[in-house]
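Structural description and commentary
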Amino acid sequence: KERMRGNLLRAISHDLRTPLTSIYGSSSTLISKYDALPKEQQLKLLGEIQEDSEWLIRMVENLLSVTRIGLESARIEKQDEVAEEVIFSAISKFKAHFPGVAVTPQLPESVMLVPMDPVLIQQVLTNLLENSAHGGATEITVSLARQGNVAVFTVQDNGTGIVRERLPHLFDGIGFLPEKNGVGGRSQMGIGLSVCMSIVKAHGGSMSARNTDGGTAVSFSLPVPPESETAAE
């Protein structure tokens, strides 16, 4: 836990400077040269401010999640949730920012109840979807399946994949996207995935990633009651 916090702080101290500097520079230019700038340039600067602000919001959401699960006194309140609804909520949130990326859900025929904190698990799914988009994916599949006493969520894409040497460090805050480090050169994968791993572990689950023939697949599993208990209820 302390190693994860250290990795996060080191990455954040560097990454926060870039969007904040950009926001300050763009807003200062708008204020000082408002009358001289053509409308197209004004809109471009405002778009950059909006983009950097959205990135900062996502960063803060990650940090808040770490705070929720990092305090020894904090406990995740799990309740039975319809996993399909959590998946659809994450896809809807993702599509608002990446309308050009196709997302296909592959869900079981019957409703699956999974004990979880739905806000945190939705954030895990949203982070995985955004990582795929930043990795150049144009098509993403989100699947859900039961394997014994766990529910397995998988986000698979047709992106650029992950450098093999970085796979072992993917969830500890230092595994980033190859070549493309996100908008403006900022890292997108490492911080998000370390937070995802912490959330999944706090739920008693596990997480893994692998390269496929046409991209990357990241999976996480959450414990579910035995099917006999579910049927009895």
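Here's a quick rundown of the structure. Note that this is a predicted model, so its numbers are computed, not measured.

Focus: the packing of helix α4 (residues 83-97) against helix α5 (residues 118-134)
- Closest axis-to-axis distance for the α4/α5 pair is 9 Å, and the angle between their directions is 45°. Considering their axes alone, α4 and α5 lie oblique with respect to each other. Seen along the crossing, α4 lies across α5 with a hand that is right-handed. Every residue of α5 that contacts α4 at V86, I87, S89, A90, I91, K93 and F94 is listed here: P118, I121, Q122, L125, T126, L129, E130 and A133.

Notes on the sheet that holds strand β7 (residues 215-223)
- A sheet is described by the order of its strands in space; here five strands give the open sequence β2-β4-β5-β7-β6, paired in mixed fashion. Only two strands of the sheet have a single partner each, and these edge strands are β2 (102-106) and β6 (206-212). Looking at each pair of strands side by side, their axes are set apart by 15° on average, direction ignored.
- Examined bridge by bridge, β2 and strand β4 (residues 139-147) share five bridges and lie parallel to one another. Among the inter-strand pairings, Q106 is bridged to a residue of β4, identified as S143.

What to know about the pattern of salt bridges
- What the rule picks out here adds up to one salt bridge.
- Across the salt bridge formed by K44 and E48, the nearest N and O atoms sit 2.7 Å from each other. Note that K44 and E48 are positioned in helix α3 (residues 39-70) at a spacing of four residues, about one turn of the helix.
- A relative accessible area of 26% means that E48 is categorised as partly exposed.

What counts and what doesn't
Residues numbered from 1 in each chain as written. Predicted model: local features only at pLDDT ≥ 70, side-chain atom pairs only at ≥ 80, totals over all residues. Heavy atoms only, no water. Axes fitted to C-alpha atoms, helices over the stretch in contact; angles between N-to-C directions. Helix = DSSP H or I, 4+ residues; strand = E, 2+ residues; numbered from the N terminus. Parallel < 35°, antiparallel > 145°, perpendicular 65-115°, else oblique. Left-handed = near helix turned anticlockwise from the far one by under 90°. Contact = heavy atoms within 4.5 Å. Pairing = 2+ DSSP bridges. Salt bridge = Lys/Arg side-chain N within 4 Å of Asp/Glu carboxyl O. Buried < 20%, exposed > 50% of the residue type's maximum accessible area, 1.4 Å probe, protein only.

No statement about biological role is implied by the geometric values presented.
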